[in-house]
Amino acid sequence: MKNTIKVALVGNPNVGKTSVFNALTGLNQRVGNYPGITVERKVGNSKLNEETTAKVIDLPGTYSINASSKDEEIALKVLFDPKNHDYPDVVVVVAEVENLKRNLLLFSQIKDLGFPCILAINMADRMALKGISIDVPQLEKELNTKIALISVRKNQGIDQLKQLILNYQDLKINSFLDLKLVDEAHFELMEKLYPNQNAYKVWLHHSQKISFDGISTVLGSSYKPKTESEIKKLQQRETIKRYQLIGEILKATYVIDASKATDLRAKLDRVFTHKIFGYVIFFAIMLFVFQAIFEWSGVPMDFIDGSFSSLSEWVKTVLPEGKLSELISDGIIPGIGGVVIFIPQIAILFLFVALLEESGYMSRVVFLMDRVMRPFGLSGKSVVPLISGNACAIPAIMSARNIENSKERLITMLVTPFATCSARIPVYVIIISLVIPDEKVLDFFSLQALTMAAMYFLGFFMALFSAWLMKYAIKAKEKSYFIIEMPSYKLPIFKNVFYTVFEKTKEFVLGAGKIILALSVILWFLGTHGPSETFGQAETIVTEKHINDNLSETELADEIAGYQLETSYIGKIGHTIQPVFAPLGYDWKVSIAVLTSFAAREVFVGNLATLYNIGSSGEDEELIVGKMKTQVREDGSPMFTLGTGVSLLLFYAFAMQCISTIAITRKETNSWKWTIVQVIFMTVLAYVSAMLAYQIL
């Protein structure tokens, strides 16, 4: 049996803790949520030697033991409960070389809990650039700890850190601060009431109601409880005393020679956070990212689509005809393809998100956008999911994890699907071509192009309006504070970027992919099976019906496919729900096309073409539009009028996008409740808007 050492990685936000985690664990890591909550939990393994492995738990960033958010509180519980599965043997506190004084506050508190502690000072390669020098032996002596000067970028100090973890039992666990310096009388009394107990744990037990084994709330008659105001004052004095002690230690061990520093940070910040140019630069970057997601993902997505189509056809030729062959070729393989085809967009989006975060620019964006987003109940960090949702809602919802406040994170995930994703574009193009005249406005702007642009703006503004409503509807105990760390600018570390892209992509494939595959197979079954004998005799019935019509093979195949879809279970459902969609202006064929596009928005056009027997979606777009314009209702009136077209545009603008989006919302919120609320809210909004548009027009 190999020995396992449990290691907790702790640190302030933006000190490079994730970089250290990646350097220690590589690809031997997994990401998930703490049970029952949406706080991310990252665990990985690091081989220390042949006999010993470190289980590394990366706790969310926090500034102190005095948790100010639910995320911090839940994460820190790992350090308070010895029965917790992740309770560490040793704690590695990651600090950043330029902000050592602030980082050491957390270190001092963790050390006072009685853990063996290692101080890992990250970004040591920037010391010369910043004119920083550290007397490491003297600092180790003053802090009663061991220090590893590390640089993940240069791959320096990681082996030393592993060796210190391996020998963690040699570390001293002396308290950092004598609490009697805060209030001598109070803490002397605590010492008498709780003999042989950790003084700092006793203090946390009384000041923050944190439970520790062996510490009881039963007190002697000599104890007079402190008021909440008195406790607050003691906490402030404790923090001041810690900073005073840290300042004295650093005065003798940590030197910054400003004359040797070469820093462009202030100059860059003046540009990137400018009240005008800051927004211009940000939207230019987002435009580039958005364009890259469209352009770069096109080739691999087409390749994946073609490969799975070829694989499906190959399976049909290899396996004997039957239900099993149909299930594999038309259900399972397309279902898997429906998962894999999103990988290029997810990978590209998170590639750029990782690059922007690693460089330090993303923090400036959050600072810049927070003032704009906050009145709507959102965070500055919400802007990234909302904009990237124009490519695909799936990676956009996943990117909302970076929002610390749980209410703001939830609202962001719930409203992101309003952004116009790329799957809606084929639907918009066909409908706009059908009902919007190809005319110029002011002899310059295309009316159709303006309508397409209006759909994008409509989705974004509806997301903001919905967020504003949810701000009042969703209650949260935690308060929202805007505290943002402005890290130094730096070149991204390729290894960190790679791990981020790999982990996010893997999470989607293994998490949401299972739900997408299952629902895809269900929809395949409903579309390829029927309740009556006529479904199985579609080819014979249609062939006899058109025996004298001289149809081509393609036209006959379209007629058969349309008849099969009409008589299938999903066709019967379409006929059943047609009265529901009638107020929106849809006949049973449009109703089926809308219903089946729940699998993926882009299939609406193909299904509509099949149902109206006007050829496949792969035909020339103008030819399909021309044929669809000739379609009429049972009473002989035109099917696709301005009212029907606007109704469809609004329905697709506001309705839940697809089963993939539902799957990822369920996974990220860890709640069917909020997923169902999202689906109902968007569906009702889509239905009412589409109905009003049709009835008025």
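Conventions adopted
Residues numbered from 1 in each chain as written. Predicted model: local features only at pLDDT ≥ 70, side-chain atom pairs only at ≥ 80, totals over all residues. Heavy atoms only, no water. pLDDT = per-residue confidence, 0-100. Helix = DSSP H or I, 4+ residues; strand = E, 2+ residues; numbered from the N terminus. Contact = heavy atoms within 4.5 Å. Core = buried A, V, L, I, M, F, W, Y, C linked by side-chain atoms within 4.5 Å. Buried < 20%, exposed > 50% of the residue type's maximum accessible area, 1.4 Å probe, protein only. 1 Å grid on protein atoms, 1.4 Å probe; cavity = no way out; pocket = protein on both sides within 12 Å on 5 of 7 lines; lining within 4 Å. Points joined across faces, edges and corners; volume = space filled by probe spheres on them. Nonpolar A, V, L, I, M, F, W, Y, C, P; charged D, E, K, R; others polar. Axes fitted to C-alpha atoms, helices over the stretch in contact; angles between N-to-C directions. Parallel < 35°, antiparallel > 145°, perpendicular 65-115°, else oblique. Left-handed = near helix turned anticlockwise from the far one by under 90°. Patch = residues over 30% accessible without salt bridge, like charges linked within 9 Å, V, L, I, M, F, W, Y side chains within 5 Å. Areas by Shrake-Rupley, 256 points an atom, 1.4 Å probe, with all protein chains shown as cover. Salt bridge = Lys/Arg side-chain N within 4 Å of Asp/Glu carboxyl O. Lys, Arg positive; Asp, Glu negative; His and termini not counted. Polar contact = N/O pair within 3.5 Å; in protein donor to acceptor, adjacent residues only side chain to side chain. Expected span 1.5 Å × (residues − 1). Pairing = 2+ DSSP bridges. Phe/Tyr/Trp six-rings, centres within 6.5 Å; stacked < 30°, edge-to-face > 60°. Lys NZ or Arg CZ within 6 Å of the ring centre and 35° of its normal.

**A closer look at the confidence of the model for the protein chain**
Line of reasoning, step 1. Confidence in the prediction for the protein chain averages 81 pLDDT; 87% of positions are at 70 or higher.
Line of reasoning, step 2. Between the elements of the protein chain, mean pLDDT differs from a low of 61, seen in strand S2 (residues 29–33), to a high of 94, seen in strand S5 (residues 90–96).
Line of reasoning, step 3. Within the model, the stretch residues 34–38 combines pLDDT values under 50 with 16 contacts to residues more than four positions away or in other chains.

**A look at the nonpolar core**
Line of reasoning, step 1. Within the largest apolar cluster, 69 residues are counted, with the highest numbers of intra-cluster contacts made by Tyr-586, Val-594, Leu-648 and Phe-651.
Line of reasoning, step 2. If we ignore the near neighbours within four places in the chain, the residues touching Phe-651 are Phe-581, Leu-584, Tyr-586, Val-594, Ala-686, Tyr-687 and Ala-690.
Line of reasoning, step 3. Membership of the second largest hydrophobic core comes to 53 residues, among which are Ile-110, Phe-115, Ile-121 and Met-123.

**Considerations on the environment of Ile-662**
Line of reasoning, step 1. With respect to the secondary-structure elements, Ile-662 resides in helix H29 (residues 659–669).
Line of reasoning, step 2. A relative accessible area of 10% places Ile-662 in the buried class.
Line of reasoning, step 3. For the pair formed by Ile-662 and Trp-672, sequence separation is 10 residues and the distance between their alpha carbons is 9.6 Å.
Line of reasoning, step 4. Once residues within four sequence positions are removed from consideration, Ile-662 is found in contact with Phe-598, Met-656, Trp-672, Thr-675 and Val-679.

**Side note on empty space enclosed by the protein**
Line of reasoning, step 1. Counted by the stated rule, this structure contains four cavities of 30 Å³ or more.
Line of reasoning, step 2. Considering only residue class, the lining of the second largest cavity consists of three nonpolar, five polar and five charged.

**A closer look at the packing of helix H24 (residues 569–581) against helix H25 (residues 588–596)**
Line of reasoning, step 1. Between H24 and H25, the least distance of the axes is 8 Å, while the angle of their chain directions is 110 degrees. The orientation of H24 with respect to H25, classified from their angle, is roughly perpendicular. Crossing of H24 against H25: the hand is right-handed. Of the residues in H25, those in contact with Ile-570, Gly-571, Ile-573, Gly-574, His-575, Ile-577, Gln-578 and Phe-581 of H24 are Trp-588, Ser-591, Ile-592, Val-594, Leu-595 and Thr-596.
Line of reasoning, step 2. Of the residues assigned to the contact of H24 with H25, the class counts are eight nonpolar, six polar and no charged.

**Quick look at a nonpolar patch on the surface**
Line of reasoning, step 1. Among the surface-exposed residues, Leu-642, Trp-672, Ile-676, Ile-680, Val-684, Val-688, Leu-692, Ile-696 and Leu-697 lie close enough to one another that they form a single nonpolar patch of about 890 Å² accessible area.
Line of reasoning, step 2. Considering every element that reaches the nonpolar patch, the biggest residue donor is helix H30 (residues 672–696), with seven residues.
Line of reasoning, step 3. Mapped onto the secondary structure, Ile-696 falls in helix H30.
Line of reasoning, step 4. Ile-696 gets classed as exposed once you look at its relative accessible area, which sits at 68%.

**Here's the deal with the side chain of Lys-407**
Line of reasoning, step 1. With respect to the helices, strands and loops of the structure, Lys-407 is situated in helix H17 (residues 406–415).
Line of reasoning, step 2. Although Lys-407 is buried, it forms no salt bridge, and the closest oppositely charged side chain is Glu-408 at an N-O distance of 8.2 Å.
Line of reasoning, step 3. Reaching out from Lys-407, the side chain makes a polar contact with the backbone oxygen of Lys-471 at a distance of 2.7 Å.

**Here we look at helix H14 (residues 361–373)**
Line of reasoning, step 1. Over its 13 residues, H14 runs 18 Å from end to end, which matches the ideal 18 Å to within 8%, given 1.5 Å per residue.
Line of reasoning, step 2. For H14, the full list of buried residues reads Tyr-361, Met-362, Ser-363, Arg-364, Val-365, Val-366, Leu-368, Met-369, Asp-370 and Met-373.

**A closer look at the pairing of strand S4 (residues 52–58)**
Line of reasoning, step 1. Where burial is concerned, most of S4 is hidden: seven out of the seven residues are buried.
Line of reasoning, step 2. Side-chain alternation along S4 places Thr-52, Ala-54, Val-56 and Asp-58 on one buried face and Thr-53, Lys-55 and Ile-57 on a second face that is also buried.
Line of reasoning, step 3. Relative to S4, strand S1 (residues 3–11) is paired through seven bridges, and the arrangement is parallel. For Leu-9, the partnering residue across the bridge sits in S4 and is Asp-58.

**Here's the deal with the side chain of Ser-568**
Line of reasoning, step 1. Tracing the sequence through the fold places Ser-568 in the loop between helix H23 (553–567) and H24.
Line of reasoning, step 2. Overall, the relative accessible area of 0% leaves Ser-568 in the buried class.

**A few points about the packing of helix H18 (residues 425–435) against helix H28 (residues 642–654)**
Line of reasoning, step 1. Two elements in contact, H18 and H28, have axes whose closest approach is 9 Å; the angle formed by their N-to-C orientations is 160 degrees. The angle between H18 and H28 places the two elements in the roughly antiparallel class. Seen along the crossing, H18 lies across H28 with a hand that is left-handed. Contact residues: Val-427, Tyr-428, Ile-431, Ile-432 and Val-435 in H18; Leu-642, Gly-645, Leu-648, Leu-649, Tyr-652 and Ala-653 in H28.
Line of reasoning, step 2. Residues belonging to the contact of H18 with H28 are distributed by class as follows: 10 nonpolar, one polar and no charged.

**Focus: the pairing of S1**
Line of reasoning, step 1. Of the pairings in the sheet, the one linking S1 to S5 comprises five bridges and is parallel in character. Paired with Val-10 across the two strands is Val-93, which belongs to S5.

**Details of the packing of aromatic side chains**
Line of reasoning, step 1. For the structure shown, the criterion picks out 18 aromatic pairs.
Line of reasoning, step 2. Arranged with centres 5.9 Å apart and planes meeting at 55 degrees, the rings of Phe-498 and Tyr-499 form a pair that is tilted.
Line of reasoning, step 3. Assessed through its relative accessible area of 12%, Tyr-499 is described here as buried.
Line of reasoning, step 4. Ring pairs connect the aromatic residues Phe-494, Phe-498, Tyr-499 and Phe-502, which therefore count as one cluster.
Line of reasoning, step 5. The side chain of Arg-242 reaches across the aromatic face of Tyr-200, ending 4.9 Å from its centre.

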